[in-house]
Structures are given as C-alpha cells and as structure tokens.
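Letter by letter, the chains look like this.
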Amino acid sequence: MIALEGLTKTFRTSDGAVEALKNVSLTVNDGDIYGIIGMSGAGKSTLVRCINLLERPTEGTVRIDGQDLCTLSEAELRKVRREVSMIFQSFNLLAQRTCLKNICFPLELIGVKKKDAEARARELLELVGLPDKADAYPAQLSGGQKQRIAIARALATDPKVLLCDEATSALDPKTTHDILSLLRDLHNKLGLTILLITHQMSVVEEICTRVAILDNGTVAEEGPVEAVFSAPKSDAAKRLVFPDGYEELPESDGPERRIRIVFRGVATANAPLIASMAKEEGILANILAASIKSISGKEYGSMVIEVADESELKRALAYLSDKPEIIAEEVRIHA
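Each chain carries its own residue numbering, running from 1 in the direction its sequence is written. Only residues with pLDDT of at least 70 get local features here, since the model is predicted, and only at 80 or more are side-chain atom pairs given and counted; chain-wide, interface and lining totals rely on the full set of residues. The side-chain figures draw on all heavy atoms in the structure; neither hydrogens nor water molecules are used.

Asks: What is the right way to read the sheet that holds strand β8 (residues 193-198) from this model?
Replies: Strand-to-strand pairing in sheets goes through backbone hydrogen bonds, with the strands running parallel or antiparallel. The sheet built from six strands is open, its strands ordered β6-β7-β8-β3-β9-β10 with mixed pairing. Since the sheet does not close on itself, it has two edges, and those belong to β6 (84-88) and β10 (218-224), each with one partner. Averaged over neighbouring strand pairs, the angle between their axes works out to 15° when direction is ignored. In this description, strands pair whenever DSSP reports at least two bridges between them. Helix numbers and strand numbers start at the N terminus; a helix is a DSSP run of H or I with at least 4 residues, a strand a run of E with at least 2. In this structure, strand β3 (residues 33-37) lies alongside β8, joined through five bridges in parallel fashion. If you follow glycine 35 over to β8, its bridge partner there is leucine 196. In what follows, residue pairs with any heavy atoms lying within 4.5 Å of each other are defined as contacts. For helices, the axis comes from a line fit to the C-alpha atoms of the stretch in contact; other axes are also lines fit to C-alpha atoms, and the angle between any two N-to-C directions lies between 0 and 180 degrees. Strands β3, β6, β7 (161-165), β8 and β9 (210-215) of the sheet are contacted by helix α1 (residues 44-51), whose axis makes an angle of about 150° with β8. Those strands touched by helix α6 (residues 173-190) are β3, β7 and β8, and its axis lies near 155° from that of β8.

In structure tokens, the structure reads:
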C-alpha cells in the first residue's frame, strides 16, 4: 500500500517560492490501478517523483507497505526502488544498447549474472509481445514498441508497484489502447499495483479503478472512477469531465437558464429524455452539448440544455430529478 500524508513540495526560484504540492494525502491500495489526473501544471509529475523520492518532499510522509521512505538512506532507497519501477512519456531507452541489453540494464546494476539477466530479459520480451526485437535498437522501433520495451525494463526487478508518468501521451489513440491493454494484462498476471499520471480522461476511463483529481497542487476530489466521472462534485473535476458544459459561460441577454444532466447507466443514456419532457410537461429545451462515454464497461451520458426562464428551470429540474439514475443541476452562467 502507498500512503501519502500531508505531502508538500516547495521549489525555490529566482522569483520566490513555488508550492507545487500542498498538503496532499492519498492512499493507493495493493492491486489498484489508480489514476491521478489534472490539467497542465497541476503538480502531477512532481507528485509521482515524490512517491519514489526522486524529489524529496518539503513536508509530509511517503509510506510504502508501512515504511516511511523519507527516513531511508540512499542505499535503502535503492532497494525500495527495485520494487517501485517507473515508465515515462519519453521512454528513456539507451540508444546504444539493443532491446535485450536495455532490459538487462537494471539487473546489471544490482549484480545479476549476465546469463541470468539475459534469460530474464527474454522472458520479459515474451511477456510484452516483442520476442523478435531482442537484437533491435530503439531507433528501429515504433513508439508503441519503445514503450513495451520500457515496460519490460521496468519489470526486470520484479516490482510490486509500477509508476507511469504520462506513459501514453506521446502515442496515437490505437497504440495508447494497446499499451493500456498490456498494462491491464500485466496487472492481472503479476498482481501489480499501477499508478497512472495522466492528463487524458480516456486513459483513466479505460483502465483505472480509482482516481484523484489534482488541481493547483491539491487533491480536489478522489474516489472510484465510476463515481467521480459520473457525478463529479468539485469544480476541477467538473471542468475535466464536462469540458463542453462547465466552462464559464457568457452571461445571457435573456432569461434563459441552463441545466446539466448526467445519465448514470446505459438505459438512461439512450432514453429520449428531452422529447419525453416536452411531450409530458410541455417544457421545450435547447440542447447545447451532449456526449456518451464508457466507464468501467458501462455507458454514461451528459448533456447541457437551456430552458426559457426561471419557472421552466424549476419545472424541468423537478421532472428530471424524479427520473432514476439521472442527476440534474443548474449550470451557473457567469458574467
């Protein structure tokens, strides 16, 4: 288990102190595929680097299986890092080494015999689906293949935890899906705990079991992916989940009112709700934005509608709130 308690990281710059993380507390349980998502500059990469102490926190503690990493010596930290591996957006493969030798590298550092290291590397090449690339060099690989080799290298020391810092950001959508499928398979086969740092909603929706929304160095919201993404509570989460229906909307010249509707489950996502409201209640609505997404294998939808005035707003909210598996709320229009 990874437990972060009161984690704060302050950088000193020529312009003064910059607080990248502010009192972050999170728990990642064994076997989780845990996503940390936020906009650029939210503090995601700083957070993941603090977890394995590539960056030392200014305040707070990082515990893995009850052991406080902040109290360990560099030698003790090196042992811990064998069990907490990391992959990166830029792959970080050694250009002058073959794929086999890249995977062998962390084993060489801990003194594993060459024969044993190469045997382990070939096992890992099979595991990531590239047994024929042992003698290839990184320059000869596609982006997806490079990331597979980077994953194999990260697994060389049999880690319990895999940290992924924007590991799919440089990949096209199909390759991203393939890498996420590989990570899910490795999680199931090896019992890995995976922590994914990303700015891509689709990555979290496809693979993660829990998610934390990071905003300006703080945890704005945390919980099961299905709960957070189907009914976000914080402003930061709403901006990520409903980018078309949460940004500050311009003040209207008229009395119109806007409502955001969240459909929780496939039946309601596909129901002719607005047409039914018009037919049954005589409430006419203009649809401003709508989308359907898959979260944990279930279909969810969201919609922003506009009704004529305050009276219609109240009637529409009453009608919608009476429907099962639907959340409706007014979207405030900012001046």
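After that view of the structure, there is still more to cover.
Asks: Sorry, what's going on with the side chain of aspartate 165 here?
Replies: Its location among the elements puts aspartate 165 in strand β7. Buried, partly exposed and exposed residues are distinguished by accessible area as a fraction of the type maximum, computed with a 1.4 Å probe on protein chains only: under 20%, between the cut-offs, and over 50%, respectively. Only four residue types enter the tally: Lys and Arg on the positive side, Asp and Glu on the negative side; His and the chain ends are excluded. Salt bridge, as used here: a side-chain nitrogen of Lys or Arg that lies within 4 Å of a carboxyl oxygen of Asp or Glu. Buried and unpaired, aspartate 165 has arginine 49 as its nearest opposite-charge partner, separated by 6.4 Å. With near-sequence residues (within four places) excluded, aspartate 165 lies in contact with Ser45, Val48, Met86, Ile87, Phe88, Gln89 and Ile197.

Asks: What should I look at first to understand the pairing of β3 in this one?
Replies: Successive residues of a regular strand alternate their side chains across the two faces of the sheet. Of all the five residues making up β3, five are buried; the element is thus mostly covered by neighbouring parts of the structure. Of the two faces of β3, both are covered, the one formed by Ile33, Gly35 and Ile37 as well as the one formed by Tyr34 and Ile36. As judged from the four bridges shared by β3 and β9, these two strands associate in the parallel manner. Bridge pairing in β9 links isoleucine 36 to alanine 212.

Asks: Please explain α6 as it appears in this structure.
Replies: By definition here, a helix of n residues has an expected span of 1.5 Å times n minus one. A rise of 1.5 Å per residue sets the reference length of α6, with its 18 residues, at 26 Å; its end C-alpha atoms lie 25 Å apart and thus fit the reference within 8%. Within α6 the residues assigned to the buried category are Thr175, Thr176, Ile179, Leu180, Leu182, Leu183, Leu186 and His187. An end-on view of α6 places all buried positions within 155° of arc, on one side of the element. Along α6, exposed side chains directed more than 90 degrees from the buried face belong to Pro173, Lys174, Asn188 and Lys189. Where the residues of α6 are buried, they touch β3, α4 (114-127), α5 (143-154), β7, β8 and α7 (201-207). Under this definition, polar contacts are N or O atom pairs within 3.5 Å; protein pairs additionally need one hydrogen-donor-capable and one acceptor-capable atom, and for neighbouring residues in sequence, both atoms have to be side-chain atoms. Of the residues that open α6, the one with a side-chain oxygen 3.1 Å from the backbone nitrogen of lysine 174 is aspartate 172. At the exit of α6 stands glycine 191, carrying a positive phi of roughly 70°. Regarding the arc, it is the one traced by the directions from the helix axis to the C-beta atoms.

Asks: Sorry if this is basic, but what is going on with the nonpolar core here?
Replies: Throughout, nonpolar core names a set of buried Ala, Val, Leu, Ile, Met, Phe, Trp, Tyr and Cys residues whose side chains join them through atoms within 4.5 Å. Ile151, Leu183, Leu196, Ile213 and Phe229 are the most contacted members of the largest nonpolar core, which totals 54 residues. Within the second largest apolar cluster, 29 residues are counted, among which are Leu47, Ile64, Val80 and Val84.

Asks: Got a minute to help me understand the packing of helix α3 (residues 99-109) against α5 in this structure?
Replies: Angle between the axes and distance between the axes: these two values describe a pair of packed helices. Put simply, α3 and α5 touch, their axes get as near as 8 Å, and they point 30° apart. When the axis of α3 is compared with that of α5, the two are roughly parallel. Judged by the twist between their axes, the crossing of α3 over α5 is right-handed. Together, Cys99, Asn102, Ile103 and Pro106 of α3 and Ile149, Ala152 and Arg153 of α5 make up the contact between the two elements. Residues that form the contact of α3 with α5 fall into these classes: five nonpolar, one polar and one charged. We call two directions roughly parallel when the angle between them is under 35 degrees, roughly antiparallel when it is over 145, roughly perpendicular when it lies between 65 and 115, and oblique otherwise. Left-handed describes a crossing whose near helix is turned anticlockwise from the far helix through less than a right angle; right-handed describes the clockwise counterpart. For this classification, the nonpolar set comprises Ala, Val, Leu, Ile, Met, Phe, Trp, Tyr, Cys and Pro, the charged set comprises Asp, Glu, Lys and Arg, and every other residue, Gly included, is treated as polar.

Asks: Is there a simple way to explain the packing of helix α11 (residues 273-281) against helix α12 (residues 310-321) in this structure?
Replies: Orientation of α11 relative to α12, taken along the N-to-C sense of each, is 115°, at an axis distance of 11 Å. Crossing handedness for the pair α11 and α12: right-handed. On α12, the residues touching Leu273, Ser276, Met277, Glu280 and Glu281 of α11 are Arg315, Ala316, Tyr319 and Leu320.

Asks: Can you help me understand the sheet that holds strand β5 (residues 67-68) in this one?
Replies: Spatial strand order, β2-β1-β4-β5: four strands in an open sheet with antiparallel pairing. The open sheet has two edge strands with one neighbour each: β2 (16-28) and β5. In this sheet, β5 lies alongside strand β4 (residues 59-64) in antiparallel orientation, the contact comprising two bridges. Within β5, the position partnered with isoleucine 64 by the bridge is glutamine 67.

Asks: I tried to follow α12 on my own but got confused; where do I start?
Replies: In an α-helix, one turn spans 3.6 residues; hence positions three or four apart end up facing the same way. In this model, α12 (12 residues) spans 16 Å end to end at C-alpha, consistent with the 16 Å of a helix rising 1.5 Å per residue. Within α12, burial applies to Glu312, Leu313, Ala316, Tyr319 and Leu320. Burial along α12 is one-sided: seen end-on, the buried residues are contained in an arc of 135°. Within α12, the exposed residues directed more than 90 degrees away from the buried face are Lys314 and Ala318. Two to three positions downstream of the cap, the backbone nitrogen of serine 311 sits 3.2 Å from a side-chain oxygen, assigning the N-cap of α12 to aspartate 309.

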